[in-house]
Amino acid sequence: MDKLATATRPLDEIEVDIQRAAKALLREQREDGHWVFELEADATIPAEYVLLRQYLGEPDAPELERKIGVYLRRIQCAHGGWSLFHGGAFDISASVKAYFCLKMIGDSSDAPHMAKAREAILAHGGARQANVFTRILLAQFGELSWNDVPTMPVEIVLLPRWFPIHLSRMSYWARTVIVPLLVLAARRVRARNSRKVAIRELFTTGKAADSRAAHQHRGWATFFKGLDKVLKVAEPLWPKSLRRRATDRCVRFVSERLNGEDGLGAIYPAMANAVMMFDALGYPPEHPDRATARQAIEKLLVIRKDEAYCQPCVSPVWDTALVSHAMMEVQGEEASAAALRGMKWLEPLQELEVKGDWAERRPDVRPGGWAFQYRNAHYPDLDDTAVVVMAMDRARRQFAAGDGYDEAITRGTEWIAGLQSDNGGWAAFDADNVDHYLNNIPFADHGALLDPPTADVSARCISMLGQLGETPANPMMRAGIDYLERDQMADGSWFGRWGVNYIYGTWSALCALNAAGFDAARPSVRKAMDWLIAIQNDDGGWGEDCTSYKLDYRGYEPAASTASQTAWALLGLMAAGAVDHPAVSRGIAYLQRTQDDTGLWQQDAYTGGGFPRVFYLRYHGYPKFFPLWALARYRNLRRANSRRVADGM
């Protein structure tokens, strides 16, 4: 059947599906008004959790280890190793960590699943070919020499701001991970490893990986590798007093940003490094800072009856704001009341006092952002802030809430405006974090040391400004729109940094252009619409997997439809004015057909981005609230069109 030859969906059928989904989501709202869904990464985080316990010499936790083992064995892939996302290719670093973890908890290296994993690891060059963070872990357990790890002297924290390699030039996540890691690299404390587990069988006779990463420029990479060799010779000669001063600076940095039981940076790698740093410096387990940092990690665990894993972080602000949008789209007394409870929970989480690391580049801007997690005062983000502000503005309009959210909206908008980068775009956490040469240092083999402006975050900020009444006549809006349209791909799509991928970016951009007052008469909007329609699957849905982040991307490659990506495509097309297009009707039919008995949607696919090509996320909430949002938006637009026809418009 022609993919465009589908009848318009009956609204009464859609209403039933909307109500089923809304009731299911209402049941998941917490008593205090917020929503939070599981946030799953790959095998590395649960594996690192087990190995952290062994590094610290903590008491055995056999039942927890058993459940983590069940989880890791379940997600082992047919190729023998572990991937970075569901159905993905073999990844050597994830596979080495998962194998080490399973052996640590008692799996025999001769067991079939272990033998298969070992064979795959050796076929890819062995454990020496793992990434820098994995090699650091192996050095901590004595499996590699610290000479196999790029040198990052702790003294770099003392360098002046103008120096080309400075922490303030790096992203927030790099900063919070690196600072405690500098102390660990300087102290080189060996893991307790009371079980004396080793993984020598994963090593070949070759040397550690020393070729430049695919994203690195040959000239820069050669320079930095030469510098690394010099540092390895010079580091032992530096004054001990300088090392003590640098270590003290690192401890102050971590302690100031410890963030209570929400953890340093509110992300697992930084939290784990903070705990190990305190341990390396001799802090006993009961020391308040170490105990608090350690408890933050426990709060990331997801423990079920038969399985367990550790999340990389949690997403309550993001989840609550997005579900609130979906509920306001649903309308009705119950859904509206739930959205208002969500707003009430979100409002006091706005950071109005702490000037975080973002103030390094924008010292005169007042705080006013929201974080992704429950608490992360030093690191609010623009994406969450824009989504919360839009939800609050929508609530005050929809519910005649008076000026109840005016101050929060004003401060949030002021903060976002103040963090616009010089190129017109917005990044996630900082302004003008664009020293791209830093991704060529040996430590940055992941290629994610920076936080430059991106289309998806910029689109969210433009959408917020447009919703608040700003037009392209506003210079800030004009600069943002110019950035966004410059960033459009030749095929009409946009790159999605924080969601997979071009479907996510294109949805975000179309919403922004709609908020700016543009429709399909605008060439950028027309091209994006045509691209989305062209890539629709035969089943009516849309899909794209994480391989679209590859450096040699040449255009869309078909992938199985998912509920969340179908919803994004539909919301994008409807923002462009295509609610009556047959492609939209077919997409709505796909969502109706795949809704399960609970009223929601199931999805194994990872459609969230952590670091392209390195780290991906499975947002368990995405297939729950985005499809509902799309269905309700479709219903509302169709009703509005019907009313206009009835009124003779």
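Our subject is the structure that appears above.
Residues numbered from 1 in each chain as written. Predicted model: local features only at pLDDT ≥ 70, side-chain atom pairs only at ≥ 80, totals over all residues. Heavy atoms only, no water.

Draft legend 1. Local environment of the overall build of the protein chain. A count of helices and strands for the protein chain gives 22 helices and five strands. The C-alpha atoms of the protein chain give 25 Å as radius of gyration, which agrees with the globular expectation for 649 residues (26 Å, within 12%). When its C-alpha atoms are laid out on the principal axes, the protein chain stretches across 85 × 55 × 50 Å. In the protein chain, which comprises 649 residues, the share counted as buried stands at 62%. Sequence separation of 24 or more characterises 75% of the internal contacts of the protein chain that already satisfy a separation of 6 or more. Accessible area for the protein chain stands at about 24800 Å²; split by element, carbon and sulfur atoms hold 53% of it. Counting 76 positive and 80 negative side-chain charges, the protein chain places the centres of these two groups 5 Å from one another. (Helix = DSSP H or I, 4+ residues; strand = E, 2+ residues; numbered from the N terminus. Rg over C-alpha atoms; globule rule 2.2 N^0.38 Å. Buried < 20%, exposed > 50% of the residue type's maximum accessible area, 1.4 Å probe, protein only. Contact = heavy atoms within 4.5 Å. Areas by Shrake-Rupley, 256 points an atom, 1.4 Å probe, with all protein chains shown as cover. Lys, Arg positive; Asp, Glu negative; His and termini not counted. Charge placed at Lys NZ, Arg CZ, Asp CG, Glu CD.)

Draft legend 2. Representation of the sheet that holds strand E5 (residues 615-619) in the model. The strand order across the open sheet formed by three strands is E1-E5-E4, and the pairing between neighbours is antiparallel. Taken across any chain shown, the strands that pair with only one partner, and hence form the sheet edges, are strand E1 (39-40) and strand E4 (608-611). Both E1 and E5 contribute to a ladder of two bridges, which runs antiparallel. Bridging across to E5, Glu-40 finds its partner in Arg-618. (Pairing = 2+ DSSP bridges.)

Draft legend 3. Molecular detail of the packing of helix H14 (residues 382-398) against helix H16 (residues 455-467). It is the contact of H14 with H16, at a shortest axis distance of 9 Å, that shows an interaxial angle of 25 degrees. Compared by their axis directions, H14 and H16 come out roughly parallel. Between H14 and H16 lies a crossing of left-handed hand. Between H14 and H16, the contacting residues are Leu-382, Asp-383, Ala-386, Val-387, Val-389, Met-390, Asp-393, Arg-394 and Arg-397 on the first element and Val-457, Arg-460, Cys-461, Ser-463, Met-464 and Gln-467 on the second. By residue class, the composition of the contact of H14 with H16 is eight nonpolar, two polar and five charged. (Axes fitted to C-alpha atoms, helices over the stretch in contact; angles between N-to-C directions. Parallel < 35°, antiparallel > 145°, perpendicular 65-115°, else oblique. Left-handed = near helix turned anticlockwise from the far one by under 90°. Nonpolar A, V, L, I, M, F, W, Y, C, P; charged D, E, K, R; others polar.)

Draft legend 4. The environment of Gly-499, seen in detail. Tracing the backbone shows Gly-499 in the loop between helix H17 (475-486) and helix H18 (502-515). A residue is classified by how much of its surface remains accessible, and Gly-499, at 0% relative accessible area, is buried. Sequence separation between Gly-499 and Tyr-606 is 107 residues, and the spatial gap between their C-alpha atoms is 9.1 Å. When near neighbours in sequence (up to four residues on either side) are disregarded, Gly-499 contacts Asp-456, Tyr-504, Tyr-549, Thr-607, Gly-608 and Gly-609.

Draft legend 5. Up close: the pattern of salt bridges. The final tally for this structure, using the stated rule, is 44 salt bridges. Ionic pairing is found between Arg-74 and Glu-307, a salt bridge with its closest N-O pair at 2.6 Å. Placement of Arg-74 in helix H3 (residues 62-75) and of Glu-307 in the loop between strand E2 (301-303) and strand E3 (308-310) is noted, with a sequence separation of 233 residues between them. What makes Arg-74 partly exposed here is its relative accessible area of 49%. A cluster of three or more residues bridged by salt bridges with shared partners is formed by Arg-175, Glu-256, Arg-257, Asp-357 and Asp-430. (Salt bridge = Lys/Arg side-chain N within 4 Å of Asp/Glu carboxyl O.)

Draft legend 6. Representation of H14 in the model. Along its 17 residues, H14 runs 24 Å from first to last C-alpha, staying within 8% of the 24 Å computed at 1.5 Å per residue. Of all 17 residues making up H14, 14 are buried, and the element is well covered by its neighbours. Taking the backbone nitrogen of Asp-383 as reference, a side-chain oxygen 3.1 Å away marks Asp-381 as the first, capping residue of H14. Just past H14, the residue Ala-400 takes up positive phi, approximately 50 degrees. (Expected span 1.5 Å × (residues − 1). Polar contact = N/O pair within 3.5 Å; in protein donor to acceptor, adjacent residues only side chain to side chain.)

Draft legend 7. Inspection of the environment of Trp-82 at higher detail. Here Trp-82 lies in the loop between H3 and helix H4 (92-104). Between the alpha carbons of Trp-82 and Ala-43 there is a distance of 6.9 Å; along the sequence they are 39 residues apart. Within the structure, Trp-82 has its side chain in polar contact with the backbone oxygen of Leu-72 (distance 2.9 Å).

Draft legend 8. Broad picture of the packing of aromatic side chains. Counted under the stated rule, the structure contains 32 aromatic pairs. Here Phe-278 and Tyr-283 contribute two aromatic rings whose centre-to-centre distance is 4.9 Å and whose plane-to-plane angle is 35 degrees, an arrangement assigned as tilted. Assessed through its relative accessible area of 0%, Phe-278 is described here as buried. Ring centres of Tyr-622 and Phe-626 lie 5.1 Å apart, and the angle between their planes is 80 degrees; this geometry places the pair in the edge-to-face category. Of this pair, Tyr-622 and Phe-626 both sit in helix H22 (residues 622-646), four residues apart, which is roughly one turn of the helix. Across the pair, Phe-626 and Tyr-622 agree in class, each one buried. Ring pairing ties together the aromatic residues Phe-37, Phe-372, Tyr-504, Trp-507, Trp-568, Tyr-619, Tyr-622, Phe-625, Phe-626 and Trp-629, which thus form one cluster. The side chain of Arg-257 reaches across the aromatic face of Phe-253, ending 3.9 Å from its centre. Sitting above the plane of the Trp-498 ring, Arg-497 keeps its charged end 3.8 Å from the centroid. (Phe/Tyr/Trp six-rings, centres within 6.5 Å; stacked < 30°, edge-to-face > 60°. Lys NZ or Arg CZ within 6 Å of the ring centre and 35° of its normal.)

Draft legend 9. Highlighting the packing of helix H2 (residues 44-56) against helix H10 (residues 268-280). It is at 11 Å that the axes of H2 and H10 come closest, and there the two elements cross at 5 degrees. With respect to their mutual orientation, H2 and H10 come out roughly parallel. Of H10, the residues touching H2 (which contributes Ile-45, Glu-48, Tyr-49, Leu-52, Tyr-55 and Leu-56) are Tyr-268, Ala-272, Val-275, Met-276 and Asp-279. For the contact of H2 with H10, a count of residues per class yields nine nonpolar, no polar and two charged.

Draft legend 10. Representation of the pairing of E5. Extensive coverage of E5 is indicated by the burial of five of its five residues. Covered by surrounding structure in E5 are Phe-615, Leu-617 and Tyr-619 together with Tyr-616 and Arg-618, the residues of both alternating faces. Bridge analysis of E4 against E5 gives three bridges, and the strand direction is antiparallel. Bridge assignment links Gly-609 to a residue of E5, and that residue is Tyr-616. Linking two consecutive strands that pair antiparallel, namely E4 and E5, is a turn of three residues; a positive phi of about 75 degrees is found at Arg-613 within it.

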